[in-house]
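An overview of the molecular structure
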Amino acid sequence: MAVAFDSENPDLPPAGPPAGRAELLVRIFGPLLLLGSIVGGWEFLVRINEIPPYILPGPGLVVESLLDNWHSLYPSLLVTLRITFLALAVAVVGGVGLAILFSLSRWVELSLFPLAVVLQVTPVVAIAPLILIYVDNITLALLICAWIVAFFPILSNTSMGLASADHNLRDLFELYGASRWQQLLHLRLPSALPYFLGGLRIAGGLALIGAIVAEFAAGTGGTGSGLAFRILEAGWRLEIPRMFAALLLISFAGILIFLAFTALQHLLLRRWHASAASRER
Amino acid sequence: MSEPLFELRGVGKTFGSGTVALEGLDFAVGRHAFVSLLGPSGCGKSTVLRLIAGLLRPSRGRLIWHRRIARGDIGFVFQEPTLMPWASVFDNVRLPLKLQGRPRREVREEVERALSMVGLEDFAGAYPRELSGGMKMRVSIARALVTRPELLLMDEPFAALDEITRFKLNNELLNLWARESWTVVFVTHSVYESVYLSERILVMASRPGRITGEIPIEVPYPRDEAFRLSSRYTAACRRVSDELRRAMGE
Ligand SMILES: Nc1ncnc2c1ncn2[C@@H]1O[C@H](COP(=O)(O)OP(=O)(O)OP(=O)(O)O)[C@@H](O)[C@H]1O
Ligand SMILES: [Mg+2]
C-alpha cells in the first residue's frame, strides 16, 4: 500500500527522483552483451580454425543439436528438475524443521549439528555410489544425494536467522507474556526469513548439482534418464554437440532456479529488508 | 507524595559476570507521578527499568507493588525504536494486543487511538524503513500506549533524536501524560530534559549503581517553551547539574 506523505510534516524522509533507468539497462544488456561476444568469439574461432564438431562444436551447431534432440532432452530435463525440486522441498521442510528444533532445544542442537556438518563436508560425489548401492529405488537414491547437499545451507542459515531476533524485541515479547509459540511465530520466524531465503537461493543451485552428480554416479552404471545421463550417453557415442546441448540445458535450469528464488526473495522482502529494498535517491 | 504505585526496598543487582550493577536502591514512585532517573552512562539506569518491568530479577531486596499489575499494565519504550521491520506501523502497534490473543478486528479502534495519540494516524500502512527516526520513536511510544498502561517505562527514548524533534516529542509526552495520567519513569542522561519533564529527579552514580540524590522540580504543569526560557528552569538545571557532578565524584 502506498502512503501519502504529507509535505508539511518535518519528520518526512526526503523524497527523490525514481531509481535510475540506466542501471536497469546495464543490468540487462551488460551480461547479454558479454555473453553475445563470448558466443560470437567461440563461433568465430571454431570456423577460422576449422575445428571439427567432434572436438569442439560451434554454438550454432549446439543449438541445432538441442532442437534436434529436444524430444529426448526435454523429458530428461523434467526428470532432473523433478529430482531437484523434490530434494529442495524435503531440504526446506527438514532444514527449517530442524532449525526450529535447534532453537527450542540447545540439547538437540548440540547433539545433531555436528552430524549435519559431517554430511555437509563429505563430498556428495564420494557418497553417491554408496547410496546407489544401498538404496534400490534409483529415484529415491538420487533424491537423497540432492537432499544431502541442499539441506545444509537451509539448516545453517535458518538457524542463524532464528537466533538473530532482536534482543529488545525479545524482551518486549516477554514483557507482554508471549508464549514460546507466539515468540517463534511472530518474532523468530520473520527474523529468520531473509536468512532462510538466502539459504534457499544457494540450496536451489546445490540441489541441481547434487541431482546431476548422483545421476552421473548412477549413469556410469548404465541406468538413468536425467540430463547427466544424456551427457554420458552422448559421450559414449561421441555426439559432442549433443553433450553441449545437454550441458546448455543444465546451465539454463540452474539460471532459472537462481532467478526464480531471487525474484521470490525480492517479492517477500522488498517492503522491509535492506537486502531487497530499493534505495531511493 | 500521592498513593505509591510501587517501591524498591534495598534492591541490588549483581550480574552473573560479577558486575555489581545496582546496590541499595530505596525509593517509591507514586501513582500518576513523572519521575526521571538521571545518571552517567553505565550507572545502571536501564537495569533499574528492566527490574521494574520484571525483565530482570533483583539479586537483593524487594520490589513491592501497591496495586495489582497485570500484563499490559506496563508499557516499555526502549532506547531504540525496536520495531518489527517486517510489519506495518499498524501491526507493530497492534503487537501487544495480538500477544494477548485479541483478534485483529476487535482491536482496530484501540490501535487507531494509540496512533492518533502520537499523530501517526495517516501512517498505519507504512513500514518502519519508510519512516524517519522521530516517527519510528513515536510508533514505539504508540505501541507502549496501546494497552492503556498504568505505568510507562521509558529508557532514553529521545536520546538519538535531534533537538528540535526531541523538544517536540517532550511536549507531546507531557500533554499525553497530563491527559491520560499514567505513571512515568523516564530514564535520561540529559539534565535539561529531566528538569523540563519531571516532578522528581533521582540522580544516580555508578560503580555500584546507586541513588545519590533526589531533587523535586516544583514547577506546576502545563510546562511549555516559556518554561525552558525561565529563570526557574535555569536554576533547577544548575541544582541538578551540581548534584550530578557530586554523584560523579567531582
Ligand atoms: N546482561 C548483563 N550482564 C552483565 N552485565 C550487565 C548486563 N547488563 C548491564 N550490565 C552492566 O551493568 C551496568 C549498568 O548497565 P546499564 O545498561 O543499566 O547502564 P545505563 O545506566 O543504562 O547506561 P547507558 O546510559 O549507557 O544506557 C554496566 O556496568 C553494565 O556493564
Ligand atoms: Mg541504558
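No experiment lies behind these values; they were computed from the predicted model shown.

All names here are of chain B. The environment of ligand 1 is formed by F15, S17, A21, S41, G42, C43, G44, K45, S46, T47, Q79 and E156. For ligand 1, an oxygen atom lies 2.6 Å from a polar atom in the side chain of S46. The contact in question runs from an oxygen atom of ligand 1 to an N or O atom on the side chain of E156, over 3.0 Å. Within the complex, the protein chains bury 61% of what would otherwise be the 630 Å² of accessible surface of ligand 1. Top element by residues in the shell around ligand 1 is helix α1 (residues 45-53). It accounts for three residues. Among the residues forming the shell around ligand 1, the class breakdown is three nonpolar, seven polar and two charged.

Turning our eyes to something else, we now look at the sheet that holds strand β1 (residues 4-14) of chain B. Within a sheet, adjacent strands bond to each other through the backbone by hydrogen bonds, running parallel or antiparallel. Residues and elements named next belong to chain B. With antiparallel pairing, three strands are arranged side by side in an open sheet as β2-β1-β4. Edge positions in the sheet fall to β2 (20-30) and β4 (60-65), since each of these pairs with one other strand and no more. Adjacent strand axes in the sheet meet at a mean angle of 10°, parallel and antiparallel pairs treated alike. Packed onto the sheet, α1 meets β1, β2 and β4 and runs at close to 60° relative to β2.

Moving on, we come to the packing of aromatic side chains. All names here are of chain B. Using the criterion set out here, one finds 16 aromatic pairs over all chains in the structure. Centre to centre, the rings of F158 and F186 are 6.0 Å apart; their planes meet at 45°, and the pair counts as tilted. Placement of the pair is F158 in the loop between β6 (151-155) and α5 (163-180) and F186 in strand β7 (residues 183-188), with a sequence separation of 28 residues. Pair check on accessibility: F158 and F186 agree, each one buried.

Turning our attention to the sheet that holds strand β5 (residues 74-77) of chain B. Residues and elements named next belong to chain B. Spatial strand order, β5-β6-β7-β3-β8-β9: six strands in an open sheet with mixed pairing. Of all the strands in the sheet, the pair left with one neighbour each is β5 and β9 (210-216). With direction set aside, neighbouring strand axes in the sheet form an average angle of 15°. Taken together, the five bridges between β6 and β7 define a ladder with parallel strand orientation. Residue pairing for β7: D155 is matched across the bridge by V187. Contacts from α5 reach β3 (34-38), β6 and β7 within the one sheet, and its direction differs from that of β3 by about 140°.

Time to look at α5(B). Residues and elements named next belong to chain B. For α5, with 18 residues, the first-to-last C-alpha span of 25 Å sits near the 26 Å given by 1.5 Å per residue. Along α5, the residues that are buried comprise T165, R166, L169, N170, N171, L173, L174, L176 and W177. Positioned one or two residues after α5, S181 has a phi angle of 45°, which is positive.

Moving on, we get to the nonpolar core. Counting 82 residues, the largest nonpolar core has F6(B), F27(B), V48(B), F76(B), L151(B), L153(B) and V185(B) as the members making the most contacts within it. Top element by residues in this core is helix α8 (residues 180-219) of chain A. It accounts for 10 residues. Per-domain counts for this core show at least three residues from each of domain 1 (4-69 + 151-249) and domain 2 (87-149) of chain B. What F6(B) contacts, discounting residues up to four positions off in sequence, is F27(B), A28(B), V29(B), I52(B), L63(B), I64(B), W65(B), H66(B), L151(B) and V185(B).

Each value, and the rule that gives it
- All residue numbers here refer to positions counted from 1 along the written sequence of the relevant chain.
- Ligands are numbered from 1 and chains lettered from A, in the order in which they are written.
- Restriction of local features to residues with pLDDT of at least 70 applies here, the model being predicted, together with a cutoff of 80 or more for giving and counting side-chain atom pairs; totals for whole chains, interfaces and linings are based on all residues.
- In computing side-chain properties, one takes all heavy atoms of the structure into account and sets aside hydrogens as well as water.
- Near, as used in this document, describes a residue that has one of its heavy atoms within 4 Å of the molecule or strand being considered.
- Here a polar contact is recorded for every N or O atom pair within 3.5 Å, except that within protein the pair must consist of a potential hydrogen donor and a potential acceptor, and residues adjacent in sequence are included only if both atoms are side-chain atoms.
- In this description, accessible areas are obtained by the Shrake-Rupley approach with a 1.4 Å probe, and a residue is regarded as covered only by the protein chains that are shown.
- In this text, helices come from DSSP runs of H or I with a minimum length of four residues, and strands from runs of E with a minimum of two, each type numbered from the N-terminal end.
- Throughout, the ten residues Ala, Val, Leu, Ile, Met, Phe, Trp, Tyr, Cys and Pro are labelled nonpolar, Asp, Glu, Lys and Arg are labelled charged, and all others, Gly among them, are labelled polar.
- Any two strands are treated as partners once DSSP identifies two or more bridges connecting them.
- In this analysis an axis means a line fitted to C-alpha atoms, helices contributing only their contacting stretch, and an angle means the value between N-to-C directions, from 0 to 180 degrees.
- The contact definition used throughout considers only heavy atoms, calling two residues in contact when any of these lie within 4.5 Å.
- Only rings of Phe, Tyr and Trp enter the pairing, Trp through its six-membered ring, and a pair is recorded when the two centres are within 6.5 Å. The plane angle decides the type: under 30 degrees is stacked, over 60 is edge-to-face, the rest tilted.
- For the exposure calls, accessible area comes from a 1.4 Å probe over protein chains only, and a residue counts as buried if that area is under 20% of its type's maximum, exposed if over 50%, partly exposed in between.
- Each residue after the first adds 1.5 Å to the expected span of a helix.
- In these notes, a set of buried Ala, Val, Leu, Ile, Met, Phe, Trp, Tyr and Cys residues joined through side-chain atoms within 4.5 Å is what counts as a nonpolar core.
- All domain edges in this entry derive from an automatic or database-based domain assignment.

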